[in-house]
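Per-entry structural report
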Amino acid sequence: MLNIGRLNEGIVLDHIEAGKAMTIYRLLGLGDLDCGVAIIKNAHSNKMGKKDIIKIEGGMDLVDLDALGYIDCNITVDIIRDGVVSEKKDLTLPEKLTNVIKCSNPRCITSIEPQLDHIFHLTNKDKHIYRCRYCEEKA
Amino acid sequence: MKHLLSPLDFSVEETEKLLDLAHEIRITPEKYAHCCDGKKIATLFYEPSTRTRLSFEAAMMNMGGNCLGFSEASSSSATKGETVADTIRVVSHYADICAIRHPKEGAPKVAADFSGIPVVNAGDGGHQHPTQTLADLMTIRELRGSLDNFTIGICGDLKFGRTVHSLINALVRYPNVRFILISPRELRITGYVRDDILTDNGIEFEEVEKLEDMIDQLDILYMTRVQKERFFSEDEYLRMKDYYILDNEKLSHAKEDMYILHPLPRVNEIAVEVDSDPRAKYFEQVQNAVFVRQAVILTLLESAKTAASL
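Residues numbered from 1 in each chain as written. Chains lettered and ligands numbered in written order. Predicted model: local features only at pLDDT ≥ 70, side-chain atom pairs only at ≥ 80, totals over all residues. Heavy atoms only, no water.

So, about the overall build of chain A. Scanning chain A from terminus to terminus reveals 2 helices and 8 strands. When the helices and strands of chain A are placed in sequence order, the string is β-α-β-β-α-β-β-β-β-β. Oriented by its inertia axes, the alpha-carbon framework of chain A measures out at about 50 × 30 × 25 Å. Residues counted as buried form 43% of the 139 residues belonging to chain A. (Helix = DSSP H or I, 4+ residues; strand = E, 2+ residues; numbered from the N terminus. Buried < 20%, exposed > 50% of the residue type's maximum accessible area, 1.4 Å probe, protein only.)

Right, here's the structure in full:
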């Protein structure tokens, strides 16, 4: 069993589908943070068999919960204070995503006007479909 | 303040009211000859157009107003790198309403976000063309008496055809409209229309490749052009462009009261011999488009006036 030091203050993203931790690391921009970030891959899970975990030192404002909900709303978010889990955050599919993903449609206005935010709206909750606010292309 | 970016920006009731107004303008044009005296429309056309731009300008002039604008991106500040947002902020000080055509999808939405005047989408890439749809609806309503209970065949480029997307968007709100979507596999209806508009709303539709197989079932045949400007490859365009051609032989299998519509311009998808068939109604659509645009201008100017007084 691999041991990573206990967090005193920070966030634990648990029950990440095995293999998805690096995607989340990139989409949340965790590489840009100054604080400590630990990625645990393929940890044992009774529920999932294998899972990934990300531990982040610091405050809640470091993580965009909307982006995380879009990536996988089954991820568990634990807020650690004074070394113990003080709060658990539920993730939901966000209604709107701003600058989390980019529109891939080469005919979209966002492809030529770089100052525009890339905004997507949830158009089908059951099928998890997001569409670009401008051209309606699927994410 | 109201904008017209998609046909859904007007409810069914508002659309009916607007079509009624367009009809009234058609039968009593003199009553509206001065209702836009002193008003200006800016036509911001970043992409070539004949009908749409002239039609907007004719609509404004029919009501005593004036027009300003540009007819291609190369004669605007877009060549200097000006954004749509900045252009519309500037134009808002010159005109009372604007119609924007842009090759990039969603550009009119950006304009509306930053505009101080009502914005009308005059066509954005392969996305939407709501005023053409209103002209289509007006023509269908005049020909059939209502906008419900009919089968429409939409034929040609359903992937990039913005008039098609707008028309389907608008027609799914009326009861018992059945869609037959006729296109080559490569130009089948775009995903958001098939999934979000047709499938999710439980609308009856069929996708087929041959016009001949279905023409006898149609009440309206809506032909479209394969649009060269939407293809990234010339070879792809050349392979697709002659896929459907409506001629008198094909038309002989259609109902006697089936009507043919086309947003124009046509290339070769409707043979010239069809023009003299009494079922060919595409030049009536052109005429209706001016009345509809007059009605849109009046409705949006009124909405801006109401918003300003609040």
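What follows is about the domain arrangement of chain B. Residue and element names in this part refer to chain B. Each assigned domain of chain B is listed with its residue range as follows: domain 1 (7–129 + 286–305) and domain 2 (130–285). Placing a centre on the C-alpha atoms of domain 1 and another on those of domain 2 gives a separation of 24 Å. Summing the contributions of domain 1 and of domain 2, the shared interface buries around 2,800 Å²; its carbon and sulfur component is 54%. Across the contact surface, domain 1 and domain 2 share 4 salt bridges. The tally of links between domain 1 and domain 2 comes to 26 residue pairs in polar contact (both at pLDDT 80 or more). Elements supplying a minimum of two residues to the side of domain 1 that touches domain 2: helix 1 (12–27), helix 2 (51–62), strand 4 (119–124) and helix 11 (282–309). For the side of domain 1 that touches domain 2, the element with the most residues is helix 1, which contributes 9 residues. For the side of domain 1 that touches domain 2, the residue count by class is 15 nonpolar, 12 polar and 8 charged. (Domains from an automatic or database assignment. Buried area = accessible area lost by both parts, 1.4 Å probe. Salt bridge = Lys/Arg side-chain N within 4 Å of Asp/Glu carboxyl O. Polar contact = N/O pair within 3.5 Å; in protein donor to acceptor, adjacent residues only side chain to side chain. Nonpolar A, V, L, I, M, F, W, Y, C, P; charged D, E, K, R; others polar.)

Right, let's talk about helix 1 of chain B for a bit. All names here are of chain B. For helix 1, built from 16 residues, the straight-helix expectation of 22 Å at 1.5 Å per residue is met to within 8% by its first-to-last C-alpha distance of 23 Å. For helix 1, the full list of buried residues reads Thr15, Leu18, Leu19, Leu21, Ala22 and Ile25. Buried residues in helix 1, looked at end-on, bunch into an arc of 155°, giving them a common side. Exposed and oriented more than 90 degrees from the buried face of helix 1 are Glu13, Lys17 and Ile27. (Expected span 1.5 Å × (residues − 1). Arc of directions from axis to C-beta.)

A word on the side chain of Thr83(B). Within the secondary structure, Thr83(B) is located in the loop between strand 2 (66–70) and helix 3 (84–91). When sequence neighbours within four positions are dropped, the list of residues in contact with Thr83(B) reads Glu113(A) and Gln115(A). (Contact = heavy atoms within 4.5 Å.)

On to the packing of aromatic side chains, then. Residues and elements named next belong to chain B. Per the counting criterion, the structure on display carries 3 aromatic pairs over all chains. Between Tyr46 and Phe70, the ring centres sit 5.1 Å apart and the planes meet at 90°, which makes this aromatic pair edge-to-face. One end of the pair, Tyr46, is in the loop between strand 1 (40–45) and helix 2; the other, Phe70, is in strand 2, and 24 residues separate them in sequence. Taking relative accessible area as the criterion, Tyr46 reaches 9% and is therefore assigned buried. Cation over ring: Arg293 sits above Phe56, and NZ or CZ is 4.9 Å from the ring centre. (Phe/Tyr/Trp six-rings, centres within 6.5 Å; stacked < 30°, edge-to-face > 60°. Lys NZ or Arg CZ within 6 Å of the ring centre and 35° of its normal.)

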